[in-house]
Amino acid sequence: MTVTIVGSQLGDEGKGGVVDLYGDEVDVVARYQGGDNAGHTVVFGEEEYKLSLVPSGAIRGKVGVLGNGCVVNPETLFAEIDGLRERGLDPDVRVAERAHVILPYHRVLDGIEETAKEDSDLDAGTTGRGIGPTYEDKIGRRGIRIGDLLDPDSLRTKLEYVVPQKRALAEDVFGATTDEAFDIGSLYEQYRRYGERLAEEEMTVNAGGFLTERIEAGENVMFEGAQGTSIDIDHGDYPYVTSSNPTAGYAATGTGVGPTVVGRGEVIGIVKAYLTRVGTGELPTELGSVEGQTPEDGGRPEMADLATEIRDEGGEYGTVTGRPRRVGWLDVPMIRHAARVSGFTGLAINHIDVLAGMDEVEVGHSYDLDGEEILTMPPTSKQWARCEVNYRRFDGWPEADWEAVAAEGYDAIPENARTYLEYISDELDTPIYAVGVGPGREQTVIVETPFA
């Protein structure tokens, strides 16, 4: 069977840990979108693994697949694989030949464009990893795919077509000085060698066929989304979004299996018990500002100290960028939207331990927009910016021996925390499958096993 893991918020919900949590029962973990702008942190015992491209299942020795919906930076991919091997692991990673390749000029253009937009409302605060420009080339039918790296003639032909365009864009439109990132000869040699390594290690696959064969053979496959629903290119806070679709519908498109395959399986929505965001865009329940923002940027300045406390307790700094994450109370209209878009069959709610010790915990229950109460996100960023939040308040819960709680089960969670969790479940009309009470694999309360 299949299980699809979807971030219900703005990314950083703890998806990698949930993939790892159910990893014993999984045979294959397939990423279906995004690139090395994603950050997954997996903690097991004293070991912490930070991954941006390799599927999280690699930590448990599972086969990992980067689907055709991904954009792949071979330099990042091989650096992560080599790093895991140095730590005693033997990751088995396959890459779809239909996946598109991030090249150096994509990263340069990403940075140039973000700099050009930084003083405008269009600044999306990207990671600068070249993700957006690569997806632009994919849609423009001028992209270079993993399969092209295996065919030197095809690689040379496509580089000769696209690189002069990129050089002209950088120099003539943005006034930038170009370097070897725009040199056809050096790009050809570098990426031809990447193709040779992919071939030597037999890493490339027809992802749809490969995954279908494994499913038909009775194996369990997990589809792993990157980022979160509210930065989905179609369903998120446009234009402050990523360049792909983290929602469950893309699990089929981004891997090459049929939508009925995904639909027959489970779709688990990952929820952080509060809210974080890296970069620009609306955050109606924001608690306080971070460095580089003024109180006028949003949030409730009187709660800046609380935001800092949550940020530090939860380690809320971007896995990829290291940037401090903006912090807010849980935004329920946001996760109602996510549940509808992806059709959640279960929830994994993380980080309730971070909120322990507070006298009171708030939740954004609904919005007021132009005099009307609404229960879900409006379709445009401008409308979202006008929303006033209606809060509900919950009594706080005490600190606990969270590993003992995880070992004992759901009923060992402090009563007020269970009230909070059950409110979330009721609002989404979706059962709780797991509750994260710490960063480690052994610090999760397992309520349901999706592969049972």
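Cut-offs applied
- Throughout this description, residue numbers start from 1 for each chain and increase along the sequence as written.
- Two thresholds apply to this predicted model, a pLDDT of at least 70 for residue-level local features and 80 or more for giving and counting side-chain atom pairs, whereas whole-chain, interface and lining totals are computed over all residues.
- Side-chain numbers here rest on the full set of heavy atoms in the structure, without hydrogens or water.
- Axis lines are fitted through C-alpha atoms, for helices just across the contact stretch, and the angle between N-to-C directions can take any value from 0 to 180 degrees.
- Put simply, DSSP H or I for four residues or longer makes a helix, DSSP E for two residues or longer makes a strand, and each gets a number counted from the N terminus.
- For classification purposes, an angle smaller than 35 degrees is called roughly parallel, one larger than 145 roughly antiparallel, one from 65 to 115 roughly perpendicular, and anything else oblique.
- For any pair of crossing helices, the crossing counts as left-handed if the nearer helix is rotated counterclockwise from the farther one by less than a right angle, and right-handed if it is rotated clockwise.
- Any pair of residues with heavy atoms lying within 4.5 Å of one another is described as a contacting pair.
- In this count, Pro and Cys sit with the nonpolar residues alongside Ala, Val, Leu, Ile, Met, Phe, Trp and Tyr, while Asp, Glu, Lys and Arg are called charged and the others, Gly among them, polar.
- Partly exposed residues are those whose accessible area sits between 20% and 50% of the maximum for their type, while under 20% is buried and over 50% is exposed, using a 1.4 Å probe and protein chains only.
- Polar contact is the term for a pair of N or O atoms within 3.5 Å; when the atoms are in protein, one must be able to donate a hydrogen and the other to accept it, and sequence-neighboring residues count only if both atoms are side-chain atoms.
- The arc in question is the one traced by the directions running from the helix axis out to the C-beta atoms.
- A patch consists of residues exposed above 30% relative accessible area that lack any salt bridge, with like charges linked at up to 9 Å and nonpolar side chains (Val, Leu, Ile, Met, Phe, Trp, Tyr) linked at up to 5 Å.
- The Shrake-Rupley method, run with a 1.4 Å probe, gives the accessible areas here. Residue values count only the displayed protein chains as cover.
- Here, a salt bridge means any Lys or Arg side-chain nitrogen found within 4 Å of an Asp or Glu carboxyl oxygen.
- Strand pairing requires that DSSP identify at least two bridges connecting the strands.
- By convention a nonpolar core is built from buried Ala, Val, Leu, Ile, Met, Phe, Trp, Tyr and Cys residues, the set being connected through side-chain atoms within 4.5 Å.
- What pLDDT expresses is the predictor's confidence in each residue, scored from 0 to 100.

S.K.: Is there a simple way to think about the packing of helix H2 (residues 74–86) against helix H7 (residues 184–200) in this case?
M.R.: Between two packed helices, what matters for the description is the angle formed by their axes and the separation of those axes. Viewed as axis vectors pointing N to C, H2 and H7 meet at an angle of 45°, and their least axial separation amounts to 11 Å. Taken together, H2 and H7 sit at an angle that is classed as oblique. Taken as a pair, H2 and H7 cross one another with a handedness that is left-handed. Taken together, the residues of H7 that come into contact with H2 (itself represented by Pro74, Glu75, Phe78, Ile81, Asp82 and Arg85) are Tyr191, Tyr194, Arg197 and Leu198. Its residues assigned to classes, the contact of H2 with H7 shows six nonpolar, no polar and four charged.

S.K.: Would you mind showing me how to read helix H12 (residues 332–342) here?
M.R.: Along an α-helix, a turn takes 3.6 residues, which lines up residues three or four apart on a common side. Within H12, nine of the 11 residues are buried, leaving the element largely enclosed by the surrounding structure. Those residues of H12 lying buried are Val332, Pro333, Met334, Ile335, Arg336, His337, Ala338, Ala339 and Ser342. With a side-chain oxygen lying 3.1 Å from the backbone nitrogen of Met334, the N-terminal cap of H12 falls on Asp331. Backbone geometry just after H12 places Gly343 at a positive phi near 70°.

S.K.: Could you clarify how one ought to interpret helix H8 (residues 207–216) in this entry?
M.R.: Burial in H8 covers these residues: Ala207, Gly208, Phe210, Leu211 and Arg214. Buried residues along H8 cover an arc of 165° about the axis, so they all sit on one side. Turned more than 90 degrees away from the buried face of H8, the exposed residues are Glu213 and Glu216. As for H8, its buried residues are in contact with strand S2 (28–31), strand S5 (63–66), strand S7 (92–96), strand S9 (204–205) and strand S10 (221–224). Positive phi shows up at Gly218, right after H8, with a value of about 95°.

S.K.: I tried to follow unusual backbone geometry on my own but got confused; where do I start?
M.R.: Trans peptide bonds make up most of the peptide bonds, and negative phi angles are found at most residues other than glycine. Note the cis peptide between Tyr238 and Pro239, where omega equals 10°. Within the secondary structure, Pro239 is located in the loop between S10 and helix H9 (250–253). Not every positive phi belongs to a glycine, and Asp12 is a case in point at roughly 65°. Considering the arrangement of structural elements, one finds Asp12 in the loop between strand S1 (2–7) and helix H1 (15–21). When its relative accessible area of 22% is taken as the criterion, Asp12 is described as partly exposed. Although it is not a glycine, Asp429 adopts a positive phi angle of roughly 50°. By secondary structure assignment, the location of Asp429 is in the loop between helix H15 (415–428) and strand S19 (432–436).

S.K.: Could you clarify how one ought to interpret a nonpolar patch on the surface in this entry?
M.R.: There is a patch of nonpolar side chains on the surface, built from Leu169, Val173 and Phe174 and spanning about 240 Å² of accessible area. Inspection of the secondary structure assignment puts Leu169 in helix H6 (residues 152–173). Residue classification places Leu169 among the partly exposed positions, given a relative accessible area of 31%.

S.K.: What is the right way to look at the pairing of strand S11 (residues 266–272) in this model?
M.R.: If a strand is regular, its side chains alternate between the two faces of the sheet. In terms of residue burial, S11 counts as a mostly covered element, since seven of its seven residues are buried. What you see with S11 is no split at all: Glu266, Ile268, Ile270 and Lys272 on one side and Val267, Gly269 and Val271 on the other are buried throughout. When S1 meets S11, the two strands line up parallel, connected through five bridges. Following the sheet pairing, Ile5 is matched in S11 by Ile268.

S.K.: Before we go on, may I ask you to explain the nonpolar core in this structure?
M.R.: Where a protein is soluble and globular, its nonpolar side chains tend to be buried together. In this structure, Leu77, Ile352 and Tyr420 are the most contacted members of the largest nonpolar core, which totals 101 residues. Those residues in contact with Leu77 that lie beyond four places of it in its chain are Leu53, Val54, Leu66, Val72, Val93, Val95 and Met203. Counting residues in hydrophobic clusters, the runner-up holds 15 residues, among them Val19, Val29, Tyr433 and Phe451.

S.K.: Whenever I open this one, the confidence of the model for the protein chain confuses me. Can you help?
M.R.: Caution applies to low-pLDDT regions: their predicted coordinates should not be interpreted in detail. The share of residues in the protein chain with pLDDT of 70 or more is 93%, and the mean pLDDT across the chain is 91. Ignoring residues within four places in sequence, the model shows residues 292–297, a span with pLDDT below 50, making five contacts including any to other chains.

S.K.: Honestly, the pairing of S7 in this entry has me stumped. Any pointers?
M.R.: Summarising burial for S7: four of the five residues are buried, a large majority. As defined by bridge partners, S5 adjoins S7 across four bridges and the pair is classed as parallel. Of the residues in S7, the one forming a bridge with Val65 is Arg94. In this structure, S7 lies alongside S9, joined through two bridges in parallel fashion.

S.K.: I'm lost on the environment of Phe394 in this one. Help?
M.R.: Within the secondary structure, Phe394 is located in strand S18 (residues 388–395). Given a relative accessible area of 12%, Phe394 falls into the buried group. Between the C-alpha atom of Phe394 and that of Glu46, which follows or precedes it by 348 residues, the distance is 34 Å. When sequence neighbours within four positions are dropped, the list of residues in contact with Phe394 reads Asp359, Glu360, Val361, Val363, Thr419, Tyr420 and Tyr423.

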